[in-house]
Amino acid sequence: MRQGIAGHFNAFKVEREDGALMGPWNPWLHEPAIGKAIWDLTLAMTANAVLPDNARQIAILVVGAHYDAAYEIYAHIAVAEREGMPAERLATLVAGLKPNDLAPEESVAFDVAYALSGGGVLPEPLYALAVRTFGQHGANELIYLVGLYALVSVTLNGFNVPVPERE
């Protein structure tokens, strides 16, 4: 897991000075069989991604903001910043609001993540728009991504995972 984390998640701090993992990984180690399954899902979602990175990060930040998952917000702000997302947009997203400067595919990613995070069935017109925008595989990925990051957010909040101090 450490090797995979180092290779895939390097835009933010994932390890304390004493070598302990930060983020969702340390809690996943409490139950190795479950943690491994979640880790495998995370890797599959990363390895087979077809959604544009900006749309992925918007969806992840919508979910993190919904759950007020501090470490998830911290980590994915760092990823989005590395990818060039403007600070104003990031501030709006983590406030749980829709930025007014989103490209059409980003807007669809926001709307799907926001609707699913609120609970209930994804409205048919929004589902159809996601399929038209991203294709069936991409729409499926977006739905799974929201579910995965809801799981990550609940894990982070359930184990009260801290955010690294600002440098």
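Computed from a predicted structure; not experimentally measured. (Residues numbered from 1 in each chain as written. Predicted model: local features only at pLDDT ≥ 70, side-chain atom pairs only at ≥ 80, totals over all residues. Heavy atoms only, no water.)

Comments concerning the overall build of the protein
And step 1. Each helix and strand counted, the protein has eight helices and zero strands in total.
And step 2. Listed by position from the N terminus, the elements making up the protein come as α-α-α-α-α-α-α-α.
And step 3. In the protein, which comprises 167 residues, the share counted as buried stands at 44%.
And step 4. With an accessible surface of roughly 8800 Å², the protein has 56% of that area assigned to carbon and sulfur atoms. (Helix = DSSP H or I, 4+ residues; strand = E, 2+ residues; numbered from the N terminus. Buried < 20%, exposed > 50% of the residue type's maximum accessible area, 1.4 Å probe, protein only. Areas by Shrake-Rupley, 256 points an atom, 1.4 Å probe, with all protein chains shown as cover.)

Description of the packing of helix α4 (residues 53-67) against helix α7 (residues 104-117)
And step 1. Axis separation between α4 and α7 bottoms out at 8 Å; the angle between their running directions is 30°. Compared by their axis directions, α4 and α7 come out roughly parallel. The two elements α4 and α7 cross, and the hand of that crossing is right-handed. Of the residues in α7, those in contact with Asn54, Ala55, Ile58, Ala59, Val62, Val63 and His66 of α4 are Glu105, Glu106, Ala109, Phe110, Ala113, Tyr114 and Ser117.
And step 2. Across the contact of α4 with α7, the residue classes tally to nine nonpolar, three polar and two charged. (Axes fitted to C-alpha atoms, helices over the stretch in contact; angles between N-to-C directions. Parallel < 35°, antiparallel > 145°, perpendicular 65-115°, else oblique. Left-handed = near helix turned anticlockwise from the far one by under 90°. Contact = heavy atoms within 4.5 Å. Nonpolar A, V, L, I, M, F, W, Y, C, P; charged D, E, K, R; others polar.)

Overview of unusual backbone geometry
And step 1. Notably, Asp68 is not glycine yet its phi reads approximately 50°, a positive angle.
And step 2. Look at Asp68 and you get exposed, because its relative accessible area is 58%.
And step 3. At Asn160, a residue that is not glycine, the phi angle is positive and equals roughly 50°.
And step 4. As for its position among the elements, Asn160 is in the segment after α8 (124-158).

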